[in-house]
Amino acid sequence: MKPDKVLVVDFGGQTTRLIAKTIRALNVYSDIVAHDDIPSASDDIKAVILSGGPKSVTAPDAIRLDPAWVELGVPVLAICYGMQAAMQAFGGRVEKDPEGREFGKATMRIHHKDALFEGLAKEETVWMSHTDSVVALPEDFITLATSNRVLAAVRHQTKPIYGVQFHPEVQHTLNGKRMLENFIRVIAEAKATWKIERIADNLVEDIRKAVGKKRVLLGLSGGVDSGVSAVLIDRAIGKNLTCVFVDHGLLREGEAEDVLKRYRSQYGLNVVFVDAKDRFFDALSGLRDPEAKRKAIGKTFIDVFTDVATQQGPFDYLAQGTLYTDVIESGAGVGATIKSHHNVGGLPEKLGFDLLEPLRSLFKDEVRELARALGMRESDLARQPFPGPGLAVRMLGEVTEEKLAIAKASDAILRQVFDETGTVNDVWQFFTVLTDARSVGVMGDERTYGYVVAVRAVTSSDGMTADWARVPHAVLERVASTIVNRVEGVSRVVYDITSKPPGTIEWE
Ligand code: XMP
């Protein structure tokens, strides 16, 4: 039986994903759908939430609310732009707020008792972000709550159709989660049966059904997403899955061996190892510009992968660790693991793969929970992001054997010191960057003239923004002295104290 589902209609708001995520965390499945992708009514759809959006509903090109969403006959909660679009559709009036944009905290006063507000006080802190407001309600709608400036919450007199001007999905609306919970559990009566652990079996079954006896190829990077996809697909189809691990020679010390050991011995996967170091080095020869380096690596990767696919093939499916956040178009439910004839990452269309994306309905933290349910090790899930082009973008300028050796050795020392001092637990990502600068030093009685190595350590929650980590001076001192003493060719170590923005996390 399908789990109850809440559809979040996307009007382009920045927090649309957060709405879906909050509902899933309440164990009700939630999917984001495009505003014009209206499904037919079905028993599993329990509610519709209309998201916020960046535009004005009064603009000539504004997206209107299609009444078909309301005609599905399930409870509707319209948020911000969604509320304005709904009120407009029902015959109310929306105008630009004369006081200008309202952004930030506001106090909402509740005038009407309603199931939406169960467990809340008469006054609540809510978070607003809007330029227009509803100035006249449609017939049949009543005001449930107001703030100093606007109608904060409204509802239809007889039907469970709600509008809120504030954003219940953000944490600054202190009881926002409670309101969403009231809406989906009490008003929409959605059953809290969706559990990420339980979907492991469903996903395995879906893959088995979709793929049948056909063969699947998967590029294994050692990262969480491709690793979890591999374990999941292996569970479904076993030997018909071939994983390919391409070693471009730009991995951290010991990484290739580590990935192979984990996925071959520990998880028992069929992994083809390709040593393509020479091909990548040839392609990078003479290149100094970061974008040129990235492009050369991307192209070589595709060439190598294509060769392997041809030698080991034929394959019917290419598996990818695409996550929900990567999915631009909406509408993919738990069972929708297959999308046909896609051309992703530049893989030539003529290879004729269909695409298998078992994680495309999951958020990153849900993938981690799924991996736990699959019995994967914690250390495999907590892995730091590592850029596809590897150490090539962590050594400025041309990639050479000499620089690669320095980059690997200094990074290994940083990792060891951060491990031993427990610093790993306080930072989100860390690595060394081999700069292209040289500086004078003195060792013993000798003058040295070696490379400058930068240490980058940041705190972050998603890599979109980051702050430099306040690593204790004693730890930094140990890193610096160990690198300069042990890695030949390095005369100086500096610490990067740039946040993102304006810097990026990687240097190239
Ligand atoms: P930036 O440098 O843009 O990096 O602040 C943000 C996050 O993305 C990682 N990153 C990459 N990951 N392929 C990847 O898979 C890449 O080409 C790539 N470049 C950057 C980076 O390590 C950081 O976590």
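Worth saying up front: this structure is predicted, and the values here are computed from it rather than measured.

Cut-off values and rules
- Residues numbered from 1 in each chain as written.
- Predicted model: local features only at pLDDT ≥ 70, side-chain atom pairs only at ≥ 80, totals over all residues.
- Heavy atoms only, no water.
- Helix = DSSP H or I, 4+ residues; strand = E, 2+ residues; numbered from the N terminus.
- Contact = heavy atoms within 4.5 Å.
- Areas by Shrake-Rupley, 256 points an atom, 1.4 Å probe, with all protein chains shown as cover.
- Lys, Arg positive; Asp, Glu negative; His and termini not counted.
- Charge placed at Lys NZ, Arg CZ, Asp CG, Glu CD.
- Near = heavy atom within 4 Å.
- Polar contact = N/O pair within 3.5 Å; in protein donor to acceptor, adjacent residues only side chain to side chain.
- Nonpolar A, V, L, I, M, F, W, Y, C, P; charged D, E, K, R; others polar.
- Patch = residues over 30% accessible without salt bridge, like charges linked within 9 Å, V, L, I, M, F, W, Y side chains within 5 Å.
- Salt bridge = Lys/Arg side-chain N within 4 Å of Asp/Glu carboxyl O.
- Buried < 20%, exposed > 50% of the residue type's maximum accessible area, 1.4 Å probe, protein only.
- Domains from an automatic or database assignment.
- Pairing = 2+ DSSP bridges.
- Axes fitted to C-alpha atoms, helices over the stretch in contact; angles between N-to-C directions.

Peer 1: I'd like to hear about the overall build of the protein chain, residue by residue, with values.
Peer 2: Helices and strands together make up the secondary structure of the protein chain, namely 13 helices and 21 strands. With the principal axes as the frame, the protein chain shows a C-alpha extent of 85 × 60 × 40 Å. Long-range contacts, defined as pairs at least 24 residues apart, comprise 75% of the intrachain contacts of the protein chain with a sequence gap of at least 6. Roughly 23200 Å² of accessible area belongs to the protein chain as shown, and the carbon and sulfur atoms make up 49% of that amount. Each charge sign in the protein chain was given a centre, from 62 positive and 70 negative side chains, and these centres are 2 Å apart.

Peer 1: Break down the site of the ligand for me, with residues and values.
Peer 2: Neighbouring residues of the ligand: 13 residues in total, closest Arg294, Gln429, Lys500, Ile505 and Glu506. One of the backbone nitrogen or oxygen atoms of Ile505 is found 2.7 Å away from an oxygen atom of the ligand. Within the complex, 67% of the 500 Å² of free accessible area of the ligand lies under protein. Partitioned by chemical class, the residues of the shell around the ligand number six nonpolar, four polar and three charged.

Peer 1: Lay out a negative patch on the surface with the relevant residues and their values.
Peer 2: Together, Asp36, Asp37, Asp66 and Glu71 make up a negatively charged patch on the protein surface. For Glu71, a relative accessible area of 62% corresponds to the exposed category.

Peer 1: Break down the side chain of Glu366 for me, citing the residues and quoting the values.
Peer 2: Residue placement: Glu366 occurs in helix α10 (residues 364-373). A residue is classified by how much of its surface remains accessible, and Glu366, at 7% relative accessible area, is buried. Within the structure, Glu366 has its side chain in polar contact with the side chain of Arg24 (distance 2.6 Å).

Peer 1: Quick one: what's the story with the domain arrangement of the protein chain, residue by residue and with numbers?
Peer 2: According to the domain assignment, the protein chain consists of domain 1 (5-187), domain 2 (196-381) and domain 3 (394-495). For domain 1 and domain 2, the distance between their C-alpha centres works out to 38 Å.

Peer 1: An account of the sheet that holds strand β10 (residues 151-156) is requested, with residue identities and associated values reported.
Peer 2: One open sheet holds the nine strands; their spatial order is β2-β1-β3-β4-β11-β10-β9-β6-β7, and the pairing between them is mixed. Edge positions in the sheet fall to β2 (29-34) and β7 (123-130), since each of these pairs with one other strand and no more. Geometrically, the sheet is characterised by an average inter-axis angle of 30° between neighbouring strands, direction not taken into account. Here strand β1 (residues 5-10) pairs with β2 via six bridges, running parallel. Bridge pairing in β2 links Val6 to Ser30. Along the sheet, helix α1 (residues 16-25) contacts β1, β2, β3 (45-50) and β4 (76-79); its crossing angle with β2, the most-contacted strand, is approximately 160°. Here helix α4 (residues 176-187) sits on the sheet in contact with β1, β3, β4, β6 (102-110) and β11 (161-164), set at roughly 150° to β3.

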